[in-house]
Structure formats: structure tokens, C-alpha cells
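Reading the structure
What follows is the residue order along each chain.
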Amino acid sequence: MKEINLPSAAKIISLALVFCLAPPPRLAAESVPPPTVIAIATARSQITLLVGADRHLYQLGFGITNNAVALPAKAPDREREYYPPAGDGYLFEPALAATHADGNTSTDLQFIKQESSEIDSNISFTRIELRDSFYPFHVFLNFKTYRAEDVIEQWAEISHEETQAVTLEHFASAAPEFSSGDYWLTQFHGDWAKEAQLAEEKLTFGMKVLDTKLGVRAQQYRTPVFLLAKNGPAQEASGEVFGGALSWSGNYQFVFDVDPHGKLRTLAGINPFDSAYHLQPGEIFTTPKMVWSWSDAGKGQISRNFHRWARKNILRDPEKLRPVLLNNWEATRFDFTEAKLVSLFDSAKELGADVFLLDDGWFGDKFPRDSDHAGLGDWQVNPRKLPHGLSYLTKEAQARGVRFGIWLEPEMVNPQSELYQQHPDWVIAQPHRELNLQRNQLILDLTRPATREFSWSVIENTLRPNPDIAYVKWDCNRFVTQPGSFYLPPGEQSHLWIDYVHALYANMDRFATNFPNVTAMLCSGGGSRVDFEALRRFHTFWASDRTDPLDRVFIQWGYSHFYPASAIAAHVTRMSNRPFKFTLDVAMSGALGFDVDWQKLLPEQRAAAIAAVKLYKEELRPVVQQGDLYRLISPYAGERSAFNFVSEDRRRAVIFVYQIGSGKSDPIKPQGLAPTLRYRVREVNLPAGTESTLPNQGKTIDGAALMREGLTPDNTKKFDSAVIELSAEK
Ligand code: DGJ
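My aim in this report is to walk through the structure given alongside it, one point at a time. Here the structure is a predicted model, which is why all the values come from computation and not from measurement. (Residues numbered from 1 in each chain as written. Predicted model: local features only at pLDDT ≥ 70, side-chain atom pairs only at ≥ 80, totals over all residues. Heavy atoms only, no water.)

**A few points about the packing of aromatic side chains**
The geometry of an aromatic ring pair is captured by two quantities: the separation of the ring centres and the angle between the planes. What the rule picks out here adds up to 51 aromatic pairs. Seen in terms of ring centroids, Phe511 and Phe538 are 6.3 Å apart; in terms of plane orientation they differ by 45°. Their pairing is tilted. Separated by 27 residues along the polypeptide, Phe511 in helix α8 (residues 496-514) and Phe538 in the loop between α9 (532-535) and β28 (540-542) bring together distant segments of the chain. One exposure class covers both Phe511 and Phe538, and it is buried. Feature note: the residues Phe62, Phe178, Tyr183, Phe226, Phe242, Tyr252, Phe254, Phe256 and Trp292 constitute an aromatic cluster, connected by ring pairs. (Phe/Tyr/Trp six-rings, centres within 6.5 Å; stacked < 30°, edge-to-face > 60°. Helix = DSSP H or I, 4+ residues; strand = E, 2+ residues; numbered from the N terminus. Buried < 20%, exposed > 50% of the residue type's maximum accessible area, 1.4 Å probe, protein only.)

**Things to note about the sheet that holds strand β1 (residues 36-41)**
Across the sheet, which stays open at both edges, the three strands sit in the order β1-β2-β3 with antiparallel pairing between neighbours. Looking along the sheet, the strands with just one partner apiece sit at the ends: β1 and β3 (57-64). For this sheet, the mean inter-axis angle between neighbouring strands, taken without regard to orientation, is 20°. (Pairing = 2+ DSSP bridges. Axes fitted to C-alpha atoms, helices over the stretch in contact; angles between N-to-C directions.)

**Considering unusual backbone geometry**
At Arg55, a position not held by glycine, the phi torsion is positive, near 70°. Position of Arg55 among the secondary structure elements: in the loop between β2 (45-51) and β3. Positioned with a positive phi, Ala193 is a non-glycine residue whose angle comes to about 65°. Following the sequence through the fold, Ala193 ends up in the loop between β11 (183-189) and β12 (197-202). Exposure remark for Ala193: the relative accessible area of 17% places this residue in the buried category.

**Some points on the sheet that holds strand β32 (residues 640-646)**
Strand order across the open sheet formed by six strands is β31-β32-β33-β36-β34-β35, with antiparallel pairing between neighbours. In this open sheet, the two edge strands, each paired with only one partner strand, are β31 (628-633) and β35 (700-702). The mean angle between the axes of side-by-side strands here comes to 25°, regardless of whether they run parallel or antiparallel. When strand β34 (residues 678-684) meets strand β36 (residues 721-728), the two strands line up antiparallel, connected through six bridges. In the strand pairing of β36, Val684 is matched with Val723.

This is the structure in C-alpha cells:
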């Protein structure tokens, strides 16, 4: 058991002696570099750093690529340090704060060396080693640049060889400064069923903090991404904009700190709240990756940069098109039988869905999971609901040409479960406090090896005996309110927030590695865990439990700023009973799925759904899921929303238009087309028996004219919508 070192009077005196009598030795002269510039560059942007003559690391710029950066005439002042540590002169929010083994709370980071390597023709890696001028305490700043996508990933590694633990109190992943100007910050806030809502404000003096302290399901109130637009609110197609995303599924903190001289520094990383980390000699503390992209062509380009980067480097199986699902949650909740499920396989087949996804409620024996009050943790098939087990279901689905998928929530437990009865100390809770339940459940403490292994066994024991299970939805339905571990020693309770997330990733990695052919949806009661680190182990995420398409227009718009459409699961449901075409058109702009009781649909709705799935699979899916997105009209700006996707070769495009209020029908001007290519215009997904009223329907028009003049679908009433395909002539 460790305890935090509070310096005794004797220690303070001996520290003072150390400071007065023994000035910190300077590093060996031969390791002193001359003033030198380090450029961390992509095709269009760069972070420019300076190693000063005093061997501190400063920042010269962050923005457009500049091959001719000159050394400044005089050394920058200490406020301009790139990764400022606390306690040795820096006055503002520090990137790093550490209490060294002897109780010294200051750190002075000096440059040791820089190494760079080419990972491939597009990706480079740079590692800068900093070391405290007195203590054997190291910070490695790592940068991975993705040239073509204009994306920079940055993270830090902290280690030491002091005599005993060093306590880390602040540990930012990145802390860049931004050149002088006014900055507008866009955040993506929300709540359950109201995810990814945009709010933009001008930053003024002082600190603006966006954070989460929820630990698990940590992003319920805010997605870990932001935009910073320079000298005015962010525009889609013009102006300087920075996009930032933290790849971390736990507590995070973004600090936007405008100093008294108007200089903005942004700190991004794990939230230091209640998270003092006692780092043993030889251990490495690795921060999450902070992902940056910069553009001088507006936030639309930032989104396309992130999408391309995520499609190529983050999401699993980026080249594979996401399957169309039929999910039973909205249709049945917990109330289903084996016969009902088999009848839904017939529905999936008729619909043309690729996968049937069995949601919550299939498990629990002594405590059957017939509601959210019981059974979580007891992952045996409920023999009364599913007497022939899962393998029977997978076979019945396969017999109809449909693959079978299943819902899991491997991090959670209901107190009404055999698991909790056997292991009440496996949960996250505080001693001497009344258990605080949410959705009647508790979180399993994954820092305990046995619990982590149990959580893994949920996946292993479900999938291994049923190799035909093709799909998993990994859910997570509550956050931390009582952050105590019955496993961690008293002095390491503050490790819970961070160690939990690493344990979770370890299990997610095992899942992705052991079951590489199982497609995976990341879910947290909707979108409460949507970040690029978790997404490395998944194909899509469930964007929201709110499936009313009117609300989905906003939610999907919000997520589209960072996450590609191939990742955004969008299902057709009957929530709020919106017009069926509008509902289909909204869901088709993401990874399409359905969550409907097929038998309850009207015959014409079933026919429309079947036609929409055919259209999506045969024509729209590759463009939507692998094309570039151009947002055209924001739903926040008025009565309609519009955007288009363009395939990478620019030969195909699809425009989506949603009328969210009544208004007049102005032309929709697509973007990203090849000006000289001639495109055939075709409005699709029309209700059976109707003709398009689009004035240019069937005509062939060159890209320049389409982008200049636009197309004018006859959309004026709330819930009108249009899907227009553009295909280049052969
Ligand atoms: C929350 C998810 O977001 C829903 O889609 C559904 O899977 C329920 N959990 C099941 O409990």
C-alpha cells in the first residue's frame, strides 16, 4: 500500500538544503543542442517547435506548413513552453504537475533529443525526449503525422528512475498554443437521447473547461471533440479551423486558457480530477492520443480529414461496407420468445437485412433478464425464453440467409443476479455508503484481475461455442457515481478512473483479436462512449437511443463533424411515427439498420423499406460509407438540412435534403464534384407509384453547373425529404 508523501518539516529543511547548497547539475555539455527548429508537418499543416539555447522546448507556430521557419532573434519567454510543467516559473494551467519522490513539486523539462522515422510513405513518427534538469524524470512527446489526411496525433509518455513513486497530478496529452487572434470554440454537448449538439462561443480571457467526471460511459454529457475557429465562427468552406479529438473513453478535460495577453493555449488529456497517479520507478505512464487537424478551408475540410483518417487508420475493417441490420430492441424490448425471434428472421430476410441483432433480454436463469431490474451478470441463455439456445437461433437465421448478432454488456451487473450474490466486492462502490444504482445496475471493477477475467469470459463464453455469431453490440449503461474499488489499496483509489479504462481496452483488444470476423457496434445507451480509441476496436457506434428522425438530423449532423458516416449506426424505427420516407431518408445517410416490428408496418411501408435496402446496398452504400462529406445547409440555421457525399474518384455523389420545418424551396448546391465531369441526375427512394418532381430529373449536367446552379427538389413542407444520386457518364 502506498501513501501520498506529505513533506514533513525535516523533509522541507533537507529539500531547502538541497536547493541552496547543491544547484541542480546541468546536463552534459555535449547533449546541449544549439537553438534548433523542429517541424511536425503534414501536407498542409505543421506544429513548429523550437529548442531554445536554454534547452527548453518552445512552440513557434501551429498552422499552415512553412518550410522556411527562421530562428527567432531572441529566445521566447518561459510562458511559451510547449509542454509547460508546474512549479518552476510557469504561471498558468500546466501540462504536467508532478510531486517528485523527495516531495519537490516542481519540474523543469529540458530537451535531450529528437528522433524521427517514416512508418510508411504517408505516416511519420517523431519522438522528443525531455528530461528534468535535476531528477531522473523523463517526458517523451510523441507525434504521428498522417500526411495526406492532415492529421497529427500527439501523446506523452512519462517515466522516472527516482528512489520511490512520483505522484503525477496533471498529465496532458498535448498543450499547444495558437497564434494571436480571436477563437470561437464549438463543443458537442448533450445527454442521453440528445447527443452531439453543437454550441459555439467566442473565447475570452481566462479558462474555459470542457470535461467529464463520469468515468465509465464517460461521454454522456459531451463528446471528446471540439473545433476552434480563428477570427470568427466556424464556416463550412472557408476560414482557419482546428479540430481536436481526444482518444480516450474515460474522464477527460479540455482547457482553453486565454492568458492576459490574449494568447490561447489548449490543454487536452485525461481529467486530473481525483486522479493523482503514483508512478513507480521504471513504470511508464502513457497519455491518450490527442488528434489534431488544421485547415484554412473551413470545418468541412476538418471533417473530411478526420473521416479519411478514421476510415483508413482507426475503424476496424475500413474497406468493408457495414451490414444492414434488423435489431429487435425497439420492437420487442425484453418481451420476446424463440418463436417471435425466428419470425423476425423471416422479416429480416424479406427486408433484405444482412444481420439480425438480438438485443438485451436473452440471458439470466435464476434471475431472468425480463426487465432492466435483474439478470445482468448472469450470461447463461434464459432457458424459458430460448429453450434451444443460441446455436439454434444462429442456424435458423442462417437458414434464411441472415447472419446472427447479439447484445452484450460485459462491464455491468444487477444486484439481483447470481454474480452479485457471489461477488458483492466486484463492483465499483464506496464503503459505508448506500449503493447508488443507475438503471438498477452497478459497474464491475475491471481493475481487479478476477473481475476483468470474468468480464472477458462473457464474450469468450458467448462467442466461442457459437462461431456463427457474426455481430456483437457492446453496450454500457451507467456511469460512476461512487468511485471506490474494493481491490485497489487505499493509496491507489485515485488510480481507478485511469486503470479501469486501460483494463477495458485490454478486454476490447482481446475481443477484436480473438474474434476478428465478428462485426462490432460500440454502444453506451446511445452515444455515451464515442471516441477514437474505443472505436479502434469497433466498426460502428450506436449514435443515440433517440431514433425520431427529426432529432436524428441534428444528432447525426453533430457526429458528422468528426466521425465518418460508415461509423454512425442509423436505424429506421417508428419513434414519433414520422413520415416513413423521411425516416428512411435520414437513416440511409449513415450505416443503415432497422429496429421495427415488421408485422406492424403497413404493407406500403414494408415495400418502401425493402426498396430502400435494395437501393442502399446496390447504389448508395459505397458513396455514403466511403465517400467525402460536404455539409451544405445546417439544421441549426433554419428549416432544412442538406449535405452530399462524393466518392473518392468523384464519379458518384448522393445528396440528402431534409425539411425540418416549412419553408421555400431554394436550390441545393452540391460540392466536391469534378467540374468537368457530366453527371446524370436521378432522385431516388421515391414512394411507389410516384414520379420525381425534380426539375432536372434524368438530365445530364456538368459538375461545375451543378455546383453553381444547384438542384431544386420540391421540398417545402416539414418532413419532406429528397435523396438525389449523381452518376458520372461513362
Ligand atoms: C441501451 C442501448 O442504447 C439500446 O439500443 C438497447 O441496446 C438497450 N441499452 C438495451 O438495454
